[in-house]
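Fold and geometry: a report
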Amino acid sequence: MMNYLRSELYRFARSKTYHITNGVLAALMVAGTFLIQTIHQSEMVTEEPSHIFYFVVLGMTMAILLLNALYAYILLGKDMKAVPTSISSGLSRGEIYMGKLIVTTLGLLISEFLLVALACALGEFVFGNGDLQYMFLFLKAYLYTLPMILSAFFLFFALKILAVSEVFSTLVIIVLYNLMGNILGLIGFVFEPVNHLRPFAPSVIVAEIQGNYQNLVGQYNPLTFVVGIVITIISLGVSYYLFTRRDF
C-alpha cells in the first residue's frame, strides 16, 4: 500500500496539467483583482473594494464546484487504465481506491489553500486599509462553503472512478448543486410538503452564505456541514462498494 501511495504521489507531483490549471486560476484571480480596482477607481461603485472583492470570490462557488470536477479528472486522468495492472501486481481494489482518494484529495486541498491564501493576499495588499474585518468574514463564510465544495469533489471522484462519463458527471454536479433549489421550489408550488426539503439544497445553502456575507452577518447555517457530510458519505461509500466488486 505504501509503495502504491508513493507512486501515486509521484504521479501527482509530475502532473503538468494540474500545475498549469492552478497557474491559470491564479492569473485569472489577479486579473479580476485589477478589474475590480479599476472599476472602484472610476467611482462606479462606492462600496468598500475589499468587501466587493471577497464577495466576488465567494460568488465563484459554482465555478469552483465545476473546477473540482476538473481536478478529479486531472488527478485521476488516464491512470485509471493502469488499474488492471496494479491489481495483477497484488494490490487489492480497496488499496487502489484509497490510494487514489488520498492523493486526489491532497491535490484539491493544496489548490484550495493556495487560492484562498492568494485571495486574502490580494484582498489586503491591493484593497486593504489595515482593517481585517472583511477578510475574517470571508474566511468564515468560506469555511461554511467548504463542505459543499468538498462534497461536490468527492461526488465527482466517485463517478469518475466508476468510469461514468465526464459529461454526465458534470450534469449531475450542475443539477444537484446549482439547480436543485429551483427544482424543489417549482415542485413545491404543486406539492407543498416538498418546500420543507428546499433548505437542504446545496444551492440554497450556498446562496444563504453569500447573502449573509454581503450583509456582513457573521452567523451561518451549520446545515452546510450536515448536507456536505451526508453527500460525501453516500458518494464514497457507494463508489467504494462498487469499485471493490468491479471486474477489470
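That block above? That's the structure.
It should be emphasised that the depicted structure is a prediction, and the values quoted were computed from it without experimental measurement.

1. Comments concerning the nonpolar core
Counting 52 residues, the largest nonpolar core has Phe 53, Tyr 54, Tyr 97, Phe 138, Ile 173, Tyr 177 and Tyr 213 as its most contacted members. Secondary-structure elements contributing two or more residues to this core are α2 (16-41), α3 (49-59), α4 (61-76), α6 (93-126), α7 (133-161), α8 (166-190), α9 (202-214) and α10 (223-243). Looking at this core, the element that brings in the most residues is α7, giving 18 residues. In contact with Phe 138, other than residues within four places in its own chain, are Tyr 54, Val 57, Leu 58, Val 116, Ala 119, Cys 120 and Tyr 213.

2. With respect to the environment of Tyr 97
Within the secondary structure, Tyr 97 is located in helix α6. For Tyr 97, the residues in contact, after removing those within four places along its chain, are Phe 157, Ile 161, Leu 236, Ser 239, Tyr 240 and Phe 243.

3. Side note on the packing of α7 against α10
Where α7 meets α10, the closest approach of the two axes is 8 Å, and the angle between their N-to-C directions is 15°. Between α7 and α10, the interaxial angle falls into the category roughly parallel. Seen from above, α7 lies across α10 with left-handed handedness. Across the interface between the two elements, Leu 143, Tyr 144, Pro 147, Met 148, Ser 151, Phe 154, Leu 155, Phe 157, Ala 158 and Ile 161 from α7 touch Thr 224, Phe 225, Val 227, Gly 228, Ile 231, Thr 232, Ser 235, Leu 236, Ser 239 and Phe 243 from α10. In the contact of α7 with α10, the residues fall into 14 nonpolar, six polar and no charged.

Reading the values: the criteria
Residues numbered from 1 in each chain as written. Predicted model: local features only at pLDDT ≥ 70, side-chain atom pairs only at ≥ 80, totals over all residues. Heavy atoms only, no water. Core = buried A, V, L, I, M, F, W, Y, C linked by side-chain atoms within 4.5 Å. Buried < 20%, exposed > 50% of the residue type's maximum accessible area, 1.4 Å probe, protein only. Helix = DSSP H or I, 4+ residues; strand = E, 2+ residues; numbered from the N terminus. Contact = heavy atoms within 4.5 Å. Axes fitted to C-alpha atoms, helices over the stretch in contact; angles between N-to-C directions. Parallel < 35°, antiparallel > 145°, perpendicular 65-115°, else oblique. Left-handed = near helix turned anticlockwise from the far one by under 90°. Nonpolar A, V, L, I, M, F, W, Y, C, P; charged D, E, K, R; others polar.

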